[in-house]
Amino acid sequence: MTQYSASHPDPMFRKTLRSIRGRDYEQGFSLPGTFYTDPTWTQTECDELFLRDWFCVGRVEEVGKPGDFFSFDHVGQPILVVHGHDGVIRALANVCRHRGTVVASGSGNTRKFLCPYHHWAYDTTGQLLNAPHMESHQAFDIKNCRLKELSSETWQGFIFVNLNPRPANLKKELAPLEKIIRNYHLEEMSLRYLADEVWDTNWKCLLENFMEGYHLTPLHRDTLHKVNPSRLCSHLKPGKRHFGYSVGFTSRLPDDRIGHPDLSEQEMDTCVMFAMPPGLTVGIGSDYSSFLCLRPLSPSRVSVKLGLIFHGDHWSQQEVDNAIELFQHTMEEDKQVLLRVQQGLGSRFHQPGPLASRDLEGTIWDFYQYLSRNLGAVKKVVKS
Ligand code: FES
Ligand SMILES: [Fe+2]
């Protein structure tokens, strides 16, 4: 069990989260600003959420062919995702079994990974192939040496990784969400836009922003409001592993949109916005969908992989470009306002404010309930 000194702020944060557990949406208030600015709390979130729970790292298409790989740092853990020449997509600890150097960098396609330090070579399954001049070592066998394999799963075309040695059953826990979104067939949508960015805001602010429809009309008046206004938002019942809302389209939308044939007329006319905390948010439309994979870099910085995936192959480049432009425009509006949010949360005069109705900001309350369930437990305090 983690132990803290009496002066550590951690117990206070946990107590606040316990105090909101199970309370009604109508009693919802935002969290105190320190939840978004305190470095020790961010570290707790990294340790107990991002390093313990399933997190999304991107789309299967990013490693579509044998040899395709990408590497990244997940809150201090170097990780490599690779489509092995045996046909299996794996997540590996990107840490050389010799003296610990990060082996692969960036992304690409390869037959083997060569550690830059002493040229130990690994195949695309992580197995060590060659270790120069190591024959004389008596307790070392190349055949028994490989990059450590991490738990990974694919679901709806997304790749998930978990560093916990005993991970929860992801697919079982996502079954209630799958019921809601299965007809959109995200796993069949194709990736046409991908970007890696760093936003100057707390990771929770970004997740909350993507997951509430209250701001669609006021903040995105010239963009999203025209198609998905706040008044058409409806809260969805949350599950253990997800929360979300749906939003309808205005009648001003052209009615030539296309989606998967499994979709009902009502589904065709509805966007489903869901979060799978801690790090994935998805905005599903019948014709195309957007997603963000995020992870904290510090209390006020978040790394985010943004993508757009499209249904069908009828899209002209111009149509794809128009969708990308709308997405970038709305993301820029969000990015700018989140700078101001982060600034305000750091003010000594910030106080928790009341949340709007369940349809508009109930998802924020669902997110806090997730935090409460996962971080609200009492930890032992060491008197100092
Ligand atoms: S640390 Fe990788 S080969 Fe030496
Ligand atoms: Fe937004």
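Residues numbered from 1 in each chain as written. Chains lettered and ligands numbered in written order. Predicted model: local features only at pLDDT ≥ 70, side-chain atom pairs only at ≥ 80, totals over all residues.

Some details on the overall build of the protein chain
Rules: For the purposes of this entry, the term helix denotes a DSSP run of H or I that reaches at least four residues, the term strand denotes a run of E that reaches at least two, and both are numbered from the N terminus. Values of the radius of gyration come from C-alpha atoms, whereas the globule rule sets the reference at 2.2 Å times the count of residues to the power 0.38. What counts as a contact is two residues whose backbone-derived C-beta atoms lie within 7 Å of each other.
Helix and strand counts for the protein chain come out as nine helices and 19 strands. The C-alpha radius of gyration computed for the protein chain amounts to 22 Å, which stays within 12% of the reference 21 Å derived for 384 residues, consistent with globular compactness. Its C-alpha atoms put the protein chain at 70 × 65 × 35 Å along the principal axes. Counting contacts in the protein chain only where the partners sit at least 6 residues apart, residues at least 24 apart contribute 66% of the total.

Concerning the packing of helix α1 (residues 10-20) against helix α9 (residues 358-375)
Just so we agree on the cut-off: Axes, fitted as lines to C-alpha atoms, cover a helix only where it is in contact. Angles between the N-to-C directions of the axes lie from 0 to 180 degrees. Roughly parallel means an angle under 35 degrees; roughly antiparallel, over 145; roughly perpendicular, 65 to 115; everything else is oblique. Each crossing gets its hand from how the near helix is turned against the far one by less than a right angle, where anticlockwise is left-handed and clockwise is right-handed. Three categories are distinguished: nonpolar for Ala, Val, Leu, Ile, Met, Phe, Trp, Tyr, Cys and Pro, charged for Asp, Glu, Lys and Arg, and polar for the others, with Gly belonging to the last.
Where α1 meets α9, the closest approach of the two axes is 8 Å, and the angle between their N-to-C directions is 120 degrees. The pairing of α1 with α9 is recorded here as oblique in orientation. In this structure, α1 meets α9 at a crossing whose hand is left-handed. Along its contact with α1, which presents Arg-14, Leu-17, Arg-18 and Ile-20, the element α9 presents Tyr-368, Leu-371, Ser-372 and Leu-375. Looking at the contact of α1 with α9 residue by residue, the class counts come to five nonpolar, one polar and two charged.

Observations regarding unusual backbone geometry
For clarity, the threshold we go by: With C-beta atoms placed from the backbone, a residue is labelled by how many other C-beta atoms lie within 10 Å of its own: buried for 20 or more, exposed for 12 or fewer, partly exposed between the two.
In this structure, the amide linkage connecting Pro-277 to the following residue, Pro-278, adopts the cis form with an omega of 15 degrees. Relative to the assigned elements, Pro-278 resides in the loop between β15 (270-276) and β16 (280-284). Despite not being glycine, His-119 has its phi angle at roughly 65 degrees, a positive value. Along the polypeptide, His-119 turns up in the loop between β7 (112-114) and β8 (121-123). For His-119, a count of 12 C-beta atoms within 10 Å puts it in the exposed group.

A word on the pairing of strand β2 (residues 55-59)
Here is the rule we go by: A pair of strands counts as paired when DSSP detects no fewer than two bridges linking them.
β2 sits mainly inside the fold: five of its five residues count as buried. Where β2 lies against strand β11 (residues 158-162), four bridges are found, and the strand directions are antiparallel. Bridged to Cys-56 within β11 is Phe-160.

As for the environment of Ile-79
Mapping Ile-79 onto the fold places it in strand β4 (residues 77-83). Sequence separation of Ile-79 and Glu-149 is 70 residues, and the distance between their C-alpha atoms is 9.8 Å. The residues touching Ile-79, leaving out its near neighbours within four places in the chain, are Ser-71, Phe-72, His-74, Ala-91, Ala-93, Asn-94, Leu-150 and Val-161.

Quick look at the packing of helix α5 (residues 203-210) against helix α8 (residues 317-345)
Each packed pair of helices is defined by two parameters, the angle between the axes and the distance between the axes. At a closest axis distance of 10 Å, the pairing of α5 and α8 adopts a crossing angle of 130 degrees. As summarised for this structure, α5 and α8 are arranged oblique, according to the angle between their axes. When the axes of α5 and α8 are compared, the crossing they make is right-handed. Residue-level contacts link Cys-205, Leu-206 and Asn-209 of α5 to Asp-334, Leu-338, Val-341 and Gln-342 of α8. Per-class residue counts for the contact of α5 with α8 are four nonpolar, two polar and one charged.

Details of the environment of Gly-213
Positionally, Gly-213 belongs in the loop between α5 and α6 (216-219). When the 26 C-beta atoms within 10 Å are taken as the criterion, Gly-213 is described as buried. Here the alpha-carbon distance between Gly-213 and Ser-234, two residues 21 residues apart in the chain, equals 8.8 Å. Ignoring anything within four residues of it in the chain, the contact list for Gly-213 reads Ser-230, Cys-233, Tyr-245, Val-247 and Leu-360.

Details of the domain arrangement of the protein chain
How we decide: The domain limits used here are those given by an automatic or database domain assignment.
Domain annotation of the protein chain identifies domain 1 (55-162) and domain 2 (179-372). With centres defined by C-alpha atoms, the gap from domain 1 to domain 2 works out at 32 Å. Examining the composition of the side of domain 1 that touches domain 2, we find that five residues originate from one element, β2, more than from any other. Partitioned by chemical class, the residues of the side of domain 1 that touches domain 2 number five nonpolar, four polar and two charged.

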